[in-house]
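A structural walkthrough
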Amino acid sequence: MPGKTVPECVRKLILQKTREKYSQRQISKMLLVPQATISNIISHYRKVGTLSPLRRPGRTPKTSQKSRSFLVRLVRICPKLTSKQLQRDWTDGHKVHHSTVRRILIKHGLNGRKAARKPLLSKFHAKARFDWCRAVKNNSAQDWDKLIFSDESCIQLSGRHIQFVRRPAGAQERYKTKNHSTKTPGGSKKIMIFGAIWSSGLRKIVRVDGNMNSSSYIDILKSHILPLMQDDQVLQQDNAPCHKSNEVKNFMEKFGVAVVPDWPARSPDLNIIENC
């Protein structure tokens, strides 16, 4: 195995067989290691008293330890910078390739990873989420069983831009605000789907023609949800404009549809249908 470092376990076996009076030729056939390599390992052991190979000489790094530490701090502050951007912003008096930047960061555990996507929350949204969770924290399992979770979803026909960040592994780092990629409206051609899920496991999926509006939402409720909805069940819906229109409110009152009150805006993580 020329040009490669012999594993430590193999070097130990070579020493053991040598002490057992095996010849180097016999050891070579047993371990499939060149005889010259075995000779070098034994000579090295007799000379320095250890099986560990000496550190191989190499070119002195262009970058200093201080500059590499600065690069790591820079990425921890701005994890969304690419290696090419870092190459331009970080200088150490030497011209370095962006692959060198990546190598240094990977060595410090800062691999490029997909940013966690989350809705853009204001302080108002955050407070509303907290207040709602505090209000329902004492709900019983029977109370939650009465809920019917629902939502609409767009299926995009083309890909979206993926934001990468450099961060250590682990969920603790993944969900820090600086490592997020916020969800924003927009996209190319798409189809709209409405879905609902019951605690019993019953599910309903309906394709929506065009965009969801008050009329199409009422048609879906009338044709697909109300026939399956029991008197004591409560419908969860988000704060989309088509859910909050006067036309929909009048429909809910007319047919006696109970709705989860004060559902906090931009809270997909609270809706189990978003996490199925």
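The coordinates are above.
In short, a report on the structure. All residue numbers refer to positions counted from 1 along the written sequence of the respective chain. Since the coordinates come from a predicted model, pLDDT governs what is reported: local features require at least 70, and pairs of side-chain atoms require 80 or more to be given and counted, while whole-chain, interface and lining totals use all residues. Hydrogen atoms and water are omitted, and side-chain values are computed over all heavy atoms in the structure.

**Let's talk about the sheet that holds strand E3 (residues 147-156)**
Rules: The criterion for strand pairing is that DSSP finds at least two bridges linking the strands in question. Comment: elements are numbered from the N terminus, with helices defined as DSSP H or I runs of at least four residues and strands as E runs of at least two.
Read across the sheet, 5 strands follow the order E7-E6-E3-E8-E9 without closing on themselves; strand pairing throughout is mixed. The sheet terminates laterally at strand E7 (203-208) and strand E9 (258-259), the two strands that pair on one side only. In this sheet, strand E6 (residues 190-197) lies alongside E3 in antiparallel orientation, the contact comprising 8 bridges. In the strand pairing of E6, glutamate 152 is matched with phenylalanine 194.

**Description of the packing of aromatic side chains**
For any pair of aromatic rings, the description consists of the separation of the ring centres together with the inter-plane angle of the planes. Rules: A pair of aromatic rings is counted whenever rings of Phe, Tyr or Trp (Trp by its six-membered ring) have centres within 6.5 Å, and the orientation is called stacked for planes under 30 degrees apart, edge-to-face for over 60 and tilted otherwise. Each residue is assigned to one of three classes by its accessible area relative to the maximum for its type, calculated with a 1.4 Å probe on protein chains only: buried under 20%, partly exposed between the two thresholds, exposed over 50%.
Inspection of every chain in the model, using the stated rule, returns 4 aromatic pairs. Measuring from centroid to centroid gives 4.9 Å for tryptophan 132 and tryptophan 263, while their planes differ by 70°, and the two rings are edge-to-face. With a gap of 131 residues between them, tryptophan 132 in helix H7 (residues 123-136) and tryptophan 263 in the segment after E9 connect regions that are remote in the sequence. As far as the burial class goes, tryptophan 132 and tryptophan 263 line up, both buried. Grouping aromatic residues by their ring pairs yields a cluster made of Trp132, Trp144 and Trp263.

**Examining the nonpolar core**
Nonpolar side chains tend to gather and get buried jointly when the protein is soluble and globular. For clarity, the cut-off: Remark: nonpolar core denotes a set of buried residues (Ala, Val, Leu, Ile, Met, Phe, Trp, Tyr, Cys) joined through side-chain atoms within 4.5 Å. The criterion used for residue contact is that any of the two residues' heavy atoms lie within 4.5 Å.
Grouped together as the largest cluster of nonpolar side chains are 21 residues, with contacts concentrated most on Phe194, Met212, Tyr217, Leu221, Ile225, Leu235 and Met252. For this core, the elements supplying multiple residues, two or more each, are E6, E7, helix H10 (214-225) and helix H12 (246-255). Tallying contributions element by element places H10 first for this core, with 5 residues. Apart from the residues within four sequence positions on either side, phenylalanine 194 is in contact with Ser150, Asp151, Glu152, Lys204, Ile205, Val206, Val208, Met212, Tyr217, Ile220 and Ile225. Residues Trp90, Val101, Ile104 and Leu105 belong to the second largest nonpolar core, which totals 11 residues.

**A look at the pairing of E6**
Looking at chain direction, E6 and E7 are connected through 6 bridges and run antiparallel. In the strand pairing of E7, isoleucine 197 is matched with arginine 203. What sits between E6 and E7 in their antiparallel hairpin is a turn of 5 residues, with glycine 201 showing a positive phi close to 105°.

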